[in-house]
Amino acid sequence: MSDNMVKIIIDDVEYEVPAGMNVVDAAKWHASNDIPVFCYHPKMEPVGMCRMCLVEMGTLQRNPETGAVMTDEDGNPLVRWFPKLQTACTQVATDGMVFRTNTQAVVDARENVLEFLLTSHPLDCPICDKGGECPLQNLTMAHGPGESRMNFSDKMKLDKHVPLGDLIFLDEERCIQCGRCVRFQDELVGDDVLAFHERGRTLQIITNSDPGFDTYFSGNTTDICPVGALTTADFRFGARPWELTEVPSIDPHDAAGSNISLSVRLDRDFGGRAMIKRVMPRQNEYVNELWISDKARFGHHFTRSEDRLQKPVVDGKDSDWATAISTIAGLLEGADGDIAAIAGSGMSNEDLFALRSLVTANGGKRLGAWPTTHTGADLVAAVGVGVGTNLSDLGAGDAVLIVASDLEEEVPIWRLRLKGAHDRGAYVVVANARKTRMDDFASATPRYQAGKAAHWLDGIDKADPEVAKALKAAQNLVIVAGAEGLTLDGSRALMQSAANFLIDSGHYGKANNGLMSPLPGPNGMGLHYVGFTPEVTADIAQNPPKVLIVAQAEILSDDPYARAWLDKVETIISLNLFPDAVADMAAIALPIQSFAERDGTFTNGERRVQRFYTAQGPMGDALPAWQALSRISEHMGQGKAKASAAAVMVMMSNELPAFEGMRYRELSRTERQFPDISGDDMYYGGTAYQNKGGLGKVIPTTAEQGETPARADVSLPPVLEVGKGQFVVLPATRLYNLESTFRPSTLVHPRIMSPFVEVNAADAARLDINNGDVVEVKLPDVSVRVRASVNGGAPEGALVLPRHLTDDPTPMTVAVGEIAKV
Amino acid sequence: MTHIILREKDVPNIRELDVYLANEGFDGLKKAVSMKPSEVIDEMKRSNLRGRGGAGFPTGIKWSFIPQSEPVKYVVVNADESETGTFKDRQIMENNPYQMIEGALICAYAIQATAVYIYLRGEFWDIAHDLDERIEAARAQNLVGDDILGSGYSCEVYTHLGAGAYICGEESALLNSLEGLLGQPRVRPPFPAQKGGGLYKEPTVVNNVETLANAPYILRVGGEKFAELGTQQSTGTKVICVSGHVNKPGNYELEMGKHTFRDLIFEMAGGIPDGKGIKAILPSGGSGPIVPATDEVLDTKLTYEDCQSIDTILGSASVMILDETVDITWAASKMTKFFKHESCGKCTPCREGTFWLDKVIDRILRGEGKRSDVELINNVAANMQGTTLCALGDFAANPILATIRHFPEDFYAHVDGDDEKAPVKAAGD
Amino acid sequence: MNIIKGFATTFKHLREESITLQYPEQVRPFQERFKGRHHLRRYDNGLEKCIGCSLCSAACPADAIWVEAAENNDEQRFSPGERYAKTYEINMLRCIFCGYCEDACPTQAIELGHEHQMSFTDRRDSIFTKEMLIDAVPEGGQPTPQKVEAGAFDRAIPDMPDPK
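Asks: Mind showing me how you'd approach the overall build of chain B here?
Replies: Looking only at helices and strands, chain B has 18 helices and nine strands in total. Whereas a compact globule of 429 residues would reach a radius of gyration of roughly 22 Å, chain B reaches 23 Å, a difference of no more than 12%. Expressed along its principal axes, the backbone C-alpha trace of chain B runs to roughly 75 × 50 × 35 Å. Within chain B, the proportion of its 429 residues that are buried is 56%. Sequence-distant contacts in chain B: of pairs separated by 6 or more residues, those separated by 24 or more amount to 70%.

Asks: How should the packing of helix α7 (residues 321-333) of chain A against helix α21 (residues 625-635) of chain A be read in this particular structure?
Replies: Helix-helix packing is characterised by the crossing angle of the two axes and by the distance between the axes. All names here are of chain A. Close contact between α7 and α21 brings their axes to 9 Å; oriented N to C, the two are set at 60°. In the crossing of α7 with α21, the sense of the turn from one axis to the other is right-handed. Contacts from I325, S326, I328 and A329 in α7 reach R631, I632 and H635 in α21. Classifying every residue of the contact of α7 with α21 gives four nonpolar, two polar and one charged.

Asks: For this particular structure, what's the right way to read the pairing of strand β9 (residues 318-323) of chain B?
Replies: Residues and elements named next belong to chain B. Along β9, five of the six residues are buried, which leaves the element largely enclosed by surrounding structure. Bridging between strand β5 (residues 237-244) and β9 involves four bridges; their strand directions are parallel. Bridge pairing in β9 places V242 opposite V319.

Asks: Honestly, the interface of chain A and chain B in this entry has me stumped. Any pointers?
Replies: Interface size is commonly expressed as the accessible surface area that is lost when the partners come together. If you look at the interface, chain A gives 32 residues, while chain B gives 32 residues. Counting residues per element, the side of chain A that touches chain B draws most heavily on helix α2 (residues 104-120) of chain A, at seven residues. Per-class residue counts for the side of chain A that touches chain B are 16 nonpolar, nine polar and seven charged.

Asks: Help me out: how do you make sense of the sheet that holds strand β7 (residues 162-163) of chain A in this one?
Replies: Backbone-to-backbone hydrogen bonds pair the strands of a sheet. The strands run either parallel or antiparallel. Residue and element names in this part refer to chain A. What the three strands build is an open sheet, ordered β7-β8-β11; its pairing is antiparallel. Each end of this open sheet is capped by a strand with a single partner; those strands are β7 and β11 (230-232). Sheet analysis places strand β8 (residues 168-170) next to β11, joined by three bridges and oriented antiparallel. Bridging from a neighbouring strand, L170 pairs with L230 of β11.

Asks: Explain the domain arrangement of chain B here, please?
Replies: Residues and elements named next belong to chain B. Domain annotation of chain B identifies domain 1 (7-228), domain 2 (237-323) and domain 3 (328-412). Computed over C-alpha atoms only, the centres of domain 2 and domain 3 are separated by 23 Å. The partner domain 3 presents eleven residues to the nine residues of domain 2 that form the contact. Of all the elements in the fold, those that place two or more residues in the side of domain 2 that touches domain 3 are β7 (278-286) and β8 (291-292). Counted by class, the side of domain 2 that touches domain 3 contains six nonpolar, three polar and no charged residues.

Asks: Explanation requested: the pairing of strand β1 (residues 74-79) of chain B in the structure shown.
Replies: All names here are of chain B. With six of six residues buried, β1 lies mostly within the body of the structure. With burial as the criterion, each face of β1 is covered, one bearing Y74, V76 and N78 and the other bearing V75, V77 and A79. Relative to strand β2 (residues 115-120), β1 runs parallel, the two sharing six bridges. Following the sheet pairing, N78 is matched in β2 by Y119. Pairing analysis gives five bridges linking β1 to strand β4 (residues 204-208), with the strands arranged parallel. Among the inter-strand pairings, V75 is bridged to a residue of β4, identified as V205.

Asks: Which parts of the structure should I look at to understand the domain arrangement of chain A?
Replies: Residue and element names in this part refer to chain A. Per the domain assignment, the segments making up chain A are domain 1 (5-102), domain 2 (112-232), domain 3 (377-516) and domain 4 (727-821). Using only C-alpha atoms to locate each centre, domain 3 and domain 4 end up separated by 26 Å. Taken residue by residue, the interface counts 15 residues in domain 3 and 15 residues in domain 4.

Asks: Would you mind showing me how to read the environment of C128(A) here?
Replies: Within the secondary structure layout, C128(A) lies in the loop between α2 and α3 (135-143). Placed 57 residues apart in sequence, C128(A) and Q185(A) show a C-alpha to C-alpha distance of 24 Å.

Asks: Which parts of the structure should I look at to understand the packing of helix α2 (residues 27-34) of chain B against helix α9 (residues 209-221) of chain B?
Replies: All names here are of chain B. One can describe the packing of α2 onto α9 by two numbers: an axis separation of 8 Å at closest approach and a directional angle of 65°. Between α2 and α9 the crossing geometry is left-handed. Taken together, the residues of α9 that come into contact with α2 (itself represented by D27, G28, L29, K31 and A32) are A215, P216, Y217, L219 and R220. Taken together, the residues that form the contact of α2 with α9 break down as six nonpolar, one polar and three charged.

About the cut-offs
Residues numbered from 1 in each chain as written. Chains lettered and ligands numbered in written order. Predicted model: local features only at pLDDT ≥ 70, side-chain atom pairs only at ≥ 80, totals over all residues. Helix = DSSP H or I, 4+ residues; strand = E, 2+ residues; numbered from the N terminus. Rg over C-alpha atoms; globule rule 2.2 N^0.38 Å. Buried ≥ 20, exposed ≤ 12 C-beta atoms within 10 Å, placed from the backbone. Contact = placed C-beta atoms within 7 Å. Axes fitted to C-alpha atoms, helices over the stretch in contact; angles between N-to-C directions. Left-handed = near helix turned anticlockwise from the far one by under 90°. Nonpolar A, V, L, I, M, F, W, Y, C, P; charged D, E, K, R; others polar. Pairing = 2+ DSSP bridges. Domains from an automatic or database assignment.

In structure tokens, the structure reads:
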């Protein structure tokens, strides 16, 4: 490692460890010595509260003149021991430190601390959700006293069912006041919604937000809770940990591609089949560390929703696969090559490849990506963040530019990790037309006029010279460019401006430098690499084909203007999880499997190809999309259907250069990661963190493959013409919304905002609109009734209209409209 | 003896600025600002003044820990006087407030601090109000604020009221409370004197009111002269707070090493009421170990080192006297309830230990205890000692350990000889 | 000679009383601790003792027990505490009647009784559900779920004179 190594002695053995490393971590990592802890967590600052990690500590005695270590007659080094035991968690390694973790004094101290903890902790392990994977249980078995001297009738009696919010419950009796949850929210998330209340034995966790525990990361506190004090509403009493099988998977909701673990068990509620009981984070220090958003954790119910499409539908009637396949084959043959496809980013790489093969084999050329909000994936492929990028490495001297994205709502894990970069001293710039949550963790927050993100970035040298200078001078620079408030052309212009900026300043083609984009869905980059682009979708809308295959793209739920051109398509073939409006229009609707029911890969926003595995029993007759599509191909004599997703990947890796060398075996490789959470669970304890499903593999950028990225001229989109009394309407993303993949998670429904539009206070005053008034937002051909929110979030002259909060679609891209009080 | 700290006994109305100025007031500060800051610290080192808050750490050495290179530094006056039986700081602030302010400014000058914060316990709101007025009066005379006494050195003095917690007398919890955080001790290192450990993460000196009130005298007469008072290890005078079963409770300022507990209790404080016998002495409030009032103890001199020799501490010198009628178990219970109520709850042994001790002592006092319960609390208290984050855990264990060591019969009187295990109930009941 | 020896033994036993019982007309008395079919017990007030902790299922060497738990409250109370068994099934074909479930139970909810006459003509009938296993509501008790006074039954594990 670094040249900053120091020698410390643990239990009479000398180890070389990096200077300044926390001693608990050093003992675990270098000496395989599990110093027991409750309050310490390697991702957070030590506080020395629980006193579980007490060890004997001393320093080597050195000759003051020569600096040589002094020894006794037997040649053993002389140690100056501290008179009292010290907490290992509050020590950092410096040269000549000596620790003893196995002496009687340490053994006694551990036993005493556990006895103290258990005097107030209830012994209701049989009904505790943590029982079986509980650090307190484990450490008591390992270090605790055999018998308690506490008289049971003296125990505290406290509330066992305190809802901290809609999603998390607190059992006050079980809490051991380690404060991990409070510190997680304060230090790592920045939403300080939890706090300690009272003092002494009455010290308790409370929430000080309204609504309670108002954060997108609350579920993580249940993972790091070393006892069963915090439980999720989702998993409460759902199963015992030893009954669960952990299936590695990938969060299907956003571009971060968080590694998750689906805990499954056979369940009567699901007909005795394997059912997802809970979602846990899975350690991948490159992607999501140990954290996942609440959407990833609580958004799994759609996979077994009763509303899922369960049988192929042919001409409006339930049918079977044989009929559906032969019908489709007939339709494709009769299309004379006028075939196109639009795919959503819920499709796995294998699905997309099978779709591409089917379309091209039948003479089709047009492969469109959905939604048509974000583009520029090709630029991410060219000058994206380099191989080996880890957002946790960004710190002092580095810079991050987030432009046209509300990262908290779009990709919460990126927001969490970039908040960390800001804390470590990185220069974080959040540029947007409006205030977003990420502003709280930014060094600079330039504002541009609504819809003019690309104009701003293209002219940043003039608009914000200071910011531009700082970004260019940074050691490492990551640009996260979204598409909020932009048209598709605007998005292209912004991405090109971002790419130009990176090329000009030389921040590309290496780790921790380059472009990222919060493309919607889990596989936005996969769409690009398999050849699906939003520009083609726009072309399909202009020139509708004879046969259109719509795969996991809920066009009509997303876009109020799509019906006009979809009506012109002669035949629609739909593949989807749910019978959406497109399926209703389609001649044939095929039920496909969700991410949980089959194997596959997604390519995340950092171009990491990651595997997910089969967890749940299939819904009805649904098939994996790749299988359904390749059976159609087989029926049409265009090659034999592959037997597995792995086989599709082999074929894909031979045909598509980006996937060269990708094999499932490669993707499922793991390595030892810091912090090491493997082993016998004595360290951080209790959860399914350990990554056994693979870290995935990053597709290198073309810049790294030796291609010099070319700067291209930015063609700035025309500025929106806003007439008198008109507003720029900015569509915004909300993390919790009513999209079909999230709607079935009813327990989060109380947290979904009722439909609203944000109005600037000055505009609202002019139009006599008050907070909470019902207003009508009129757009070309569309109008919606929502409540007005006058909270300063919208810039003057603009309305912020969040999407997917109603059943009626609102515009996907920036538009001009009017607002009136009802 | 003329008083150094309780000067109102010699000079009436010294609480008024004109009287204070007329009686060598602010001469110490004047002298200080004419010296280099490092010379002021050297003067304090020569005086060998030890902190009067309880720990007895040498003040000059504490000041010298402050890194001079840091631009922002603070002085915090610990006026959160909450130790049981201690009421000396209150008297100083009420009757001789300028001496404390002067002392704080001398300290501020010595470390080149940018501001002084006087952290008062919440109950001292009237004193805080009074101090605010006095600070303004001093400002009018150019003694506080910009360019103090024309020296070019500027320093602001602020008062701050706590919210009522014993633990905020602990310096790092005090700093947390002053910053608006939960009053819980911090992990050390970094220490308050270091960058990152003090108030708002800047190097900070935290000193007791009485300690700082000594500084003007030391500057005025010189450290060596001051060190002539008292013994070699305990220099100067000490304000002793006497309370409990004595005829004349109150504050007595004594030269260290010149008087014994016997002198203090039977001569100055007028002996025990109603001619009763003396049973025990708590030399440092509830937090120090109790000692039985034997002849050996009564003949012990009031110094840091002599108190150590009888296995107790002088601490903040809040001497509480218990007469022969007192049931020591009851006294131990009272002290335990105090520490249970005041434990901040941050670290395990103190939070759970005080709660558990209280439960068992209650049981003993109710007459439901067993002989083994006495050993149990002794052992539980021993387990608390040395394992906690701050000293409160040790303090909370002291009343139990020392009372059982010296007065086991008082405990066993409450339990019958029968030593069957108490009936055990199942968990979760 | 040997033949006489042999018959001597035969005749000796002929005179002894028969130990064969005419089962099922005659039933042999059971030992108190005989382990037969399981019973799920109730408290006197009718609440179920089972708290759905699955420890019996974990202890079962034959994997015969299936428990699914759910949450309970004062409006709809099945058992004391927060957790109760929503599904409780024992596959009697798998069960080896070892009694480990009884040992594992923290509330003494499952007990092995004396019934042993269990025969089925369909393998599916070997799965005994909670309705089949649970005792009848005792006299004076209420059937579950009960609506109970708030806070009266908020601890899952009851007082027991000797938890060992």
